[in-house]
Amino acid sequence: MSLEAKELSSQSPLLEVKGLRKYFELRTGLLNSRKSYLKAVDGISFEIRKGETFGLVGESGCGKSTTGRTIIRLYEATGGEVMFDGVDLTTLPEKELRPYRKRIQMIFQDPYASLNPRMTVTDIIGEGIQIHNPSTAQARQEVIYDLLARVGLKREHANRYPHEFSGGQRQRIGIARALAVGPELVVCDEPISALDVSVQAQVVNMLEDLQDDMGLTYLFIAHDLSMVKHISDRIGVMYLGVLMEVCGSEELYSNPTHPYTKALLSAIPIPDPELTRKNKRVVLKGDVPSPIDPPVGCRFASRCPVATSICREETPELREMGSDHFAACHNI
Amino acid sequence: MSTLLEVKNLKTSFFTHLGEIQAVRGASFTLNQGEVLGIVGESGSGKSVTALSVMGLIEEPGKIKEGEILFEGQDLTRYSNSQMSELRGNEISMIFQDPMTSLNPVYTIQNQMVEVLRRHQKIGKAEARKRAIEMLRLVGIPEPEKRIKNYPHEFSGGMRQRVMIANALSCGPKLLIADEPTTALDVTIQAQILDLMNELKERINAAIILITHDLGVIAEVCDHIVVMYGGSIMETGTEKDIFYNPQHPYTNGLHKSIPKMTTEQKSRLIPIRGTPPDLLHPPAGCPFSARCPHTMAVCLEDAPPTYGISDTQTSACWLMDEKAPKVDNYVSGGKGIE
């Protein structure tokens with residue numbers, strides 16, 4: 001986080017998520033007569049301050065991507081609020097939402113699926129500009145060249161098609177597209193997990209540079225904890241649709257309080273054999289329960305090494321554990 | 001310890017309509033009995049094709065062009081299909097990345113495990129079933145007597161991978177090849193499987209080749225490591241050599257581009273510039289030359305020979321030549337590669 005961003009962060013948050021829920025309806029049984037709900041996101045609250053990077057981590061199926069998609073309204077929220085700059089986005093009619101679409105953009109995980117193979121790079125990046133900031137074709141082309149330079153691509157790439165690029169380069173195109181309309185908040189949904197190790201660092205460094213240059217705020221969603229720690233200022237740990245712990249990234253790694261966070265941290269394979277041998281690992285038993293009719297009480301109780309009877313009865317709320325450090329656990 | 005597997009100058013190519021894709025371009029390594037060898041590399045580095053070549057599973061349009069694969073002294077590249085079938089699943093077996101697609105969804109676990117056992121060992125159905133249950137217990141499947149009657153979809157991803165491991169080990173193979181066995185799994189489940197592999201490594205007598213792109217996974221289980229890039233072997237060594245004294249610029253670059261969990265201070269990552277080579281038109285010289293911070297004229301023209309650094313470590317890099325300039329090339333320090 002740059003100095004300027006640090007000053008700004010004392011102000012009100014740019015994005016405030018309050019009790020956000022997203023259920024998917026499932027129909028099973030004879031003639032689809034039985035309804036049940038997959039509770040992908042079940043009441044999560046956090047805020048993202050201007051200029052910071054908020055990391056959202058968790059294992060597959062924990063609802064981190066659904067959270068990102070619900071925030072930008074690719075999904076309609078089942079309940080809760082998404083306050084962006086003081087306005088609740090979840091209830092805005094599409095027409096009034098449009099100016100906000102410009103201010104919040106998204107980078108997707110799969111650089112192969114998220115670019116239209118029949119559009120040139122110019123068309124892909126230019127589409128959003130044309131919709132949100134209409135101008136002459138020539139002016140638009142200049143903007144596109146400028147964006148390409150920012151993401152480390154060349155002018156001559158502008159007229160090529162996605163299949164002519166490598167995975168890392170495609171992700172750069174996706175980033176240029178997101179930045180084309182001048183967003184304030186960028187939701188990065190696993191932007192590097194599809195890339196090779198040696199290319200990941202290139203993209204991460206670029207995202208950091210762009211943040212400094214353009215004053216961006218990131219919601220960085222990923223399952224790779226070491227990368228999330230590297231890029232984030234604050235981190236939220238999700239498990240089965242709820243937030244388990246929220247705090248600064250250094251704090252999370254040096255002083256994790258929630259048993260799930262501890263287990264997750266100790267499960268990361270460290271590329272350092274001596275350290276690996278020294279570390280005593282908390283290995284979690286069993287698997288993540290199904291998000292369809294999730295367990296009552298704490299979601300983590302079935303795998304938690306310190307669970308007591310209250311954990312199976314009452315859902316713990318996020319409580320303050322220290323300055324700017326919250327965790328949802330009965331037994332801390 | 002005697003040598004179990006020796007791969008000598010293996011070259012495997014795929015002849016597609018676009019031309020020859022040189023997936024493996026002369027790989028040599030040895031594996032001793034009971035040893036765990038890690039092959040690490042990015043996608044397209046040739047690590048999986050190397051494993052499939054050993055298994056004799058290279059199919060049209062692929063072909064082993066050159067080289068020898070000596071398994072207990074016998075050259076597997078000369079084996080017929082039926083000879084290989086005798087060996088596969090019995091002496092050498094393999095676990096794949098995706099446990100969902102490598103188990104047959106329409107048969108029960110019992111069906112699939114008994115089939116393997118009876119195919120290779122002269123035992124009856126009841127005996128085979130008993131052994132299958134034993135194997136499932138060994139890999140930590142709770143209530144194996146009941147679970148053996150289930151279908152693959154009734155298991156979770158981690159449990160399926162355990163079943164795969166049980167199946168692969170059921171005939172007591174001398175060599176187990178695990179191709180990205182934990183890549184499709186979540187970290188907490190990955191930790192379970194890695195623990196299981198570490199435990200099994202003590203209890204079974206098999207040598208293991210673990211293929212992965214994750215240096216962290218390698219650090220967990222391997223004794224010896226082979227680093228591959230662009231179809232060639234860049235560096236080999238013990239775990240100590242590769243993690244604390246890497247000599248090849250590629251290995252070094254990989255280390256620097258991964259964020260360290262331990263560092264308190266936020267430092268910038270040092271990426272490897274550029275992208276991996278196109279194996280349809282591989283570079284004439286060293287495959288890493290286009291991205292290397294220390295490229296010299298010779299690197300672009302001739303592929304480097306493999307230099308022995310110590311008894312355990314080798315590096316295929318011209319920098320090891322006595323005529324090359326000395327560069328600071330260690331994990332800490334060294335100049336950036338941006």
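Residues numbered from 1 in each chain as written. Chains lettered and ligands numbered in written order. Predicted model: local features only at pLDDT ≥ 70, side-chain atom pairs only at ≥ 80, totals over all residues.

Considering the overall build of chain A
Broken down by element type, chain A carries eleven helices and twelve strands. Relative to the 2.2 N^0.38 estimate, which gives 20 Å for 332 residues, the radius of gyration of chain A is 21 Å and therefore close to what a compact globule would have. Along the longest, intermediate and shortest principal axes, the C-alpha atoms of chain A span 65 × 55 × 45 Å. The burial tally for chain A puts 45% of its 332 residues in the buried class. Long-range contacts, defined here as pairs at least 24 residues apart, represent 65% of the contacts in chain A between residues at least 6 apart. (Helix = DSSP H or I, 4+ residues; strand = E, 2+ residues; numbered from the N terminus. Rg over C-alpha atoms; globule rule 2.2 N^0.38 Å. Buried ≥ 20, exposed ≤ 12 C-beta atoms within 10 Å, placed from the backbone. Contact = placed C-beta atoms within 7 Å.)

Quick word on the sheet that holds strand β10 (residues 232–238) of chain B
In a beta sheet, neighbouring strands pair by backbone hydrogen bonds and run either parallel or antiparallel. Residue and element names in this part refer to chain B. The strand order across the open sheet built from eight strands is β6-β7-β8-β3-β9-β10-β12-β11, with neighbouring strands paired in mixed fashion. Edge positions in the sheet fall to β6 (92–95) and β11 (307–308), since each has one partner strand and no second. Here β6 pairs with strand β7 (residues 175–179) via four bridges, running parallel. In the sheet register, Ser-93 faces β7, and the bridge partner there is Leu-176. (Pairing = 2+ DSSP bridges.)

Digging into the sheet that holds strand β2 (residues 34–48) of chain A
Residue and element names in this part refer to chain A. Ordered in space as β2-β1-β4-β5, the four strands form an open sheet in which the pairing is antiparallel. Where the open sheet ends on each side, the last strands, each with one partner, are β2 and β5 (87–88). Where strand β1 (residues 15–28) meets β2, twelve bridges bridge the pair, whose relative direction is antiparallel. Paired with Tyr-23 across the bridge in β2 is Lys-39.

Quick notes on the nonpolar core
Leu-219 and Met-244 of chain A together with Ile-177 of chain B are the most contacted members of the largest nonpolar core, which has 183 residues in total. Not counting residues up to four positions away in its chain, the partners in contact with Leu-219 of chain A are Ile-48, Phe-54, Leu-56, Gly-68, Leu-185, Val-187 and Cys-188 of chain A. (Core = buried A, V, L, I, M, F, W, Y, C linked by C-beta atoms within 7 Å.)

Let's talk about helix α4 (residues 121–132) of chain A
Val-121, Ile-124, Ile-125, Gly-126 and Ile-129 of chain A are the residues of α4 of chain A that are buried. Buried positions along α4 of chain A lie against α5 (137–150) and α6 (167–179) of chain A.

Overview of the interface of chain B and chain A
The interface is formed by 36 residues belonging to chain B together with 32 residues belonging to chain A. At the level of elements, α7 (187–203), α8 (215–221), α9 (239–244) and α10 (249–257) of chain B are the ones that each hand at least two residues to the side of chain B that touches chain A. When residues in the side of chain B that touches chain A are grouped by element, the largest group, eight residues, is from α7 of chain B. Looking at the side of chain B that touches chain A residue by residue, the classes come out as 17 nonpolar, eleven polar and eight charged. (Nonpolar A, V, L, I, M, F, W, Y, C, P; charged D, E, K, R; others polar.)

Quick look at the domain arrangement of chain B
All names here are of chain B. Considered domain by domain, chain B is made up of domain 1 (3–228) and domain 2 (230–320). Just the C-alpha atoms count here: the centres of domain 1 and domain 2 sit 27 Å apart. Opposite the 24 residues of domain 1 that make contact, domain 2 presents 21 residues. Mapped onto the side of domain 1 that touches domain 2, the elements with two or more residues apiece are β2 (19–32), α8 and β9 (224–229). Broken down by element, the side of domain 1 that touches domain 2 gets its largest block of residues, ten residues, from β2. (Domains from an automatic or database assignment.)

Things to note about the confidence of the model for chain B
All names here are of chain B. In the predicted model, chain B carries a mean pLDDT of 90, and 95% of its residues have values of at least 70. This stretch, residues 330–338, has a pLDDT under 50; its non-local contacts, to residues over four places away or in other chains, come to 17 contacts. We note a pTM of 0.88 for the whole complex and an ipTM of 0.83 for its interfaces. (pLDDT = per-residue confidence, 0-100.)

Re the environment of Gln-83 of chain B
For Gln-83 of chain B, the position within the fold is in helix α2 (residues 81–87). Classification of Gln-83 of chain B by C-beta neighbours within 10 Å gives partly exposed; the count is 13.

Considering the packing of helix α3 (residues 109–120) of chain B against helix α4 (residues 125–138) of chain B
Residue and element names in this part refer to chain B. The contact between α3 and α4 brings their axes to 9 Å, and the two run at 115°. The angle between the axes of α3 and α4 places the two elements in the roughly perpendicular class. For the pair α3 and α4, the crossing hand works out as right-handed. Across the interface between the two elements, Gln-110, Met-113, Val-114, Leu-117 and Arg-118 of α3 pack against Lys-125, Ala-128, Arg-129, Arg-131 and Ala-132 of α4. Tallied by class, the residues present in the contact of α3 with α4 amount to five nonpolar, one polar and four charged. (Axes fitted to C-alpha atoms, helices over the stretch in contact; angles between N-to-C directions. Parallel < 35°, antiparallel > 145°, perpendicular 65-115°, else oblique. Left-handed = near helix turned anticlockwise from the far one by under 90°.)

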